Structures are given as structure tokens and as C-alpha cells.
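A closer look at the structure
If you want the building blocks of each chain, they are given just below.
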Amino acid sequence: MSPIDDVAIIGAGIGGLTLALTLHRAGIPCTVYEAAEEIRPVGVGINVLPHATKELAELGLEPALARVAVTTKEATFFNRFGQLIYAEPLGRDAGYAHPQFSIHRGDLQQVLLDAARERIGPARIFLGWSCTAVEQDGEGTTLHFRDPSGKPLPPRRAAVAIACDGIHSVVRKQFFPDEGPPRYSGVNMWRGTTRWQPFLSGANMVRAGWLATGKMVIYPIRAAVDTEGRQLVNWVAEIETPHHRRRDWNRPGNLDDFLPAFADWHFDWLDVPAFLAAADMVLEFPMVDQDPLPRWSRGRVTLLGDAAHPMVPRGSNGAGQAILDAAALAECLAATDDPAAALKAYEDRRREATARIVLANRTKPPDAILGEVFRRTGDRPFRHIDDVISRDELAAMSEGYKRIAGYDRDGLDAKASGSAERVRPARS
């Protein structure tokens, strides 16, 4: 195996920390550089779909995730009048080998961080190191940093550098300085969390309404957060509008900007305006992405996760794709003594797959079911959903997205059977 002296990981988010753990499993040394001085539980809820949970389970993290997440049981789709359109089981309830987790982003990051500190050691995780540029030569890479005050820090050398620095990636900007601003979808989002009594099964992922009149995604991410048995419930409110502000995952939002669109959403299982008004926090974020890149890698440097393929969050798949990137990259680095060839192999394996998801999230995500029903009913209640659309059509739309995103059950089962005897190489 190649004596890869060290892999520099830029960013300690979901992708960067998963990469650190997968490299450690493969016996490849790595060092993580994170711009923040302290890793705090920022953001709101995300979903870890079965194909990504599989990779985390192979790292021994499933029990830790199960303790802090809600194991999601069912997806349910409603119109804005509260009428059920479609329901399907999720995760193990749908026959997958691994569960789907609905989890606070900060809880997922903390599970990964705890494992990374234990396995690669805290001395290899540098906080307050903001990468400003990466250079490379025939022997390796040189990374340049500054501290939170803007003061330069000593350059660091590594055999390979991996940019896991998110939607505002410095390295992506270095590679593609003329790329231009993100592509706005025409939809603005407000995201938040509310402590609320369990609804439906207590483990449902709900999508309701449609963008033209207001759409919501609602799911619990922590169980029994107080003595009243309430859950911490994540929600996303989406409205079509020409107006948006620069993307920032932590920008505070204003309830008055979107609550009127949901003022008459009184379902028998949830009073939506009361639920929103009780929010602990509200964040605002435009639904934006960027066109797929022609390449991710240059020599010994490559991109991973949101730095490589930022996508609109309509398929619950952004964090999962970063996790899959990390698993693939570690395998490629462990399989050759040529770092540049390993990065090219990783790109060949993941770039087109993620590009398909970026484009599908624009036009045919799972919630396209809601759009199809909206178009057929003209925003009116229906007598029975079978009068509008057949269950077979609804199931086909759902399965079609799963195939594009790589987590249809048949496809995962085939991959599992094909790799059952695979042994990941480890460096000695």
C-alpha cells in the first residue's frame, strides 16, 4: 500500500468527520482543520437515509445515533386541507437492513466528533483554523490558514487535501473563481424547531401542501425532551417568492414573514399555526444550489460534500451524500499508491451520481407527489385520492427518486450482496 503520510481534511462538518473516521478505519492518517473555535450544535433537523446509515453503522455508530435520534417509521403526504395523499413505511419498517434516522444536525455532528476524538485523537483536530488557500507540488500539498482574528497561522503540509468546507468552500472558489452566485429556485425556506406532543405515530416524516400556496415538511428529531413527554420537532416552511437573501444556515428568521400562508392549516392531528407560533427558533434560508461541476479534483486536492455538490434540500439527502462521498474516497485512497489517481477514481465514482441528484432535486424530488396532486385538483379538496391519482402512480414517483438517489431497496440489496465478502484494505 502507498505510504500516504497524511490527509488534510478541511472542515469538521458531517462530511469531514465521517471522512476522518473512514480513513482511520483504513489505516490512513488524517488531520482535521475546522474554522470554528468551538463546535456547537448549530442548524436544525436532517435525515440520514438507509444508504448513509449503513456506512455509519459500519463505523460502529448506529447505537450512538439511535440514542439521540428518532428512528423514522413512515413518510406521509397531505394536501393543505389535511387530506392524506400517500403513505409509505421507511427504514427498517420498509424492509431495509438499516434504519432511517431523523436527527438534529448538531447531534449527528457530536456523535461523529466524539468518535473522531476517541479514534484519531484530539491532537489531530484543530479548531479555529480557517483555510484560505491550498497549493500543491509533486510531493504533496501546502495548506494556508488564519485564526479567527485574521492572523496567519503556520502553513501545514499533507500528502492530500480534501475540501469539506461546505457551501462557502474556499477551495471550490479557488478552483472555479468565475462560477458565479448560487442558483435560486424561486422558493424561500424558514426552518425551526418546536417542542410538541407526538403526532401520528410519533415517528412520521410529513410533507404537506405545495409551493404555490405554501408547503411544509415536519418531523420529530428528539424524543421525550421534557417531563411532559414532548418531542423536539423539526419543521420547514417553503413559499414561492422572488425575494431571498444570501445563503447562511444560521440566519435568524421572522415568523411574521411566512405564518399567514399557514393560518388556516388546522389538521385533526396538528394545529399548524399554533405549532409554528410555539417555535423555539426560526432560521431563514433560500432554496439554492449550484450547477454540477465538470470536475472536483486537481492533482492531490479534491472536494467532498456540499463543497462538491450543493443541492436544494428537497430530498433529505444532502448529509447522506457527504457520508457516501467519505466512504468512497477512503476506499479509493486505500486501494492505490498514487494519491492523484485515488482522487480521480473517487471523482469518477461519485461526481455523476451526485449530479443526477442535484438535478432531480430541482424537478422530481419526493415531494413532487404533492405538486402532481396540486396540478390535478386545482388546489381544491378531493373526495377520495383514488379519484385524483392511483397509488401505483404515487409509488412509482417515490421509487423513481429513490433509484436516482441510490437508496431504493432492491439496489441497496444488490450492492450488499455484491460486497458481502469485500474486505476494506488497511495500511500497516
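Placed above this text is the structure.
For the structure given in this document, a descriptive report is provided here.

Here is what the cut-offs are and how they apply
Residues numbered from 1 in each chain as written. Predicted model: local features only at pLDDT ≥ 70, side-chain atom pairs only at ≥ 80, totals over all residues. Heavy atoms only, no water. Helix = DSSP H or I, 4+ residues; strand = E, 2+ residues; numbered from the N terminus. Buried < 20%, exposed > 50% of the residue type's maximum accessible area, 1.4 Å probe, protein only. Contact = heavy atoms within 4.5 Å. Areas by Shrake-Rupley, 256 points an atom, 1.4 Å probe, with all protein chains shown as cover. Lys, Arg positive; Asp, Glu negative; His and termini not counted. Charge placed at Lys NZ, Arg CZ, Asp CG, Glu CD. Pairing = 2+ DSSP bridges. Axes fitted to C-alpha atoms, helices over the stretch in contact; angles between N-to-C directions.

For the rest of this paragraph, the subject is the overall build of the protein chain. The number of helices and strands found in the protein chain is 11 helices and 18 strands. Taking the principal axes of the C-alpha coordinates as reference, the protein chain spans close to 70 × 50 × 45 Å. A total of 428 residues make up the protein chain; the buried ones form 56% of that total. Within the protein chain, counting contacts between residues at least 6 apart in sequence, those at least 24 apart form 74% of the total. Carbon and sulfur atoms make up 50% of the accessible area of the protein chain, which totals about 17,800 Å². On the protein chain, the mean spot of the 51 positive side-chain charges and the mean spot of the 55 negative ones are 2 Å from each other.

Tracing the chain through its elements places valine 187 in strand E13 (residues 183-196). The class for valine 187 is buried, based on a relative accessible area of 4%. Separated by 80 residues in the primary sequence, valine 187 and aspartate 107 place their C-alpha atoms 27 Å from one another. Non-local contacts of valine 187, meaning those with residues more than four positions away in its chain, are made with Leu211, Glu238, Ile239, Glu240, Thr241, Pro286 and Met287.

Ordered in space as E8-E2-E1-E12-E18, the 5 strands form an open sheet in which the pairing is parallel. The open sheet is flanked by strand E8 (125-127) and strand E18 (301-303), the only strands paired with a single partner. The average undirected angle you get between the axes of adjacent strands in this sheet is 20 degrees. Bridging between strand E1 (residues 7-10) and strand E12 (residues 160-163) involves 4 bridges; their strand directions are parallel. Paired with valine 7 across the two strands is valine 160, which belongs to E12. Each of E1, strand E2 (30-34) and E12 is contacted by helix H1 (residues 14-25), which is oriented at about 160 degrees to E1, the strand it contacts most. With respect to the sheet, helix H8 (residues 339-363) is in contact with E12 and E18, its orientation differing from that of E18 by roughly 20 degrees.

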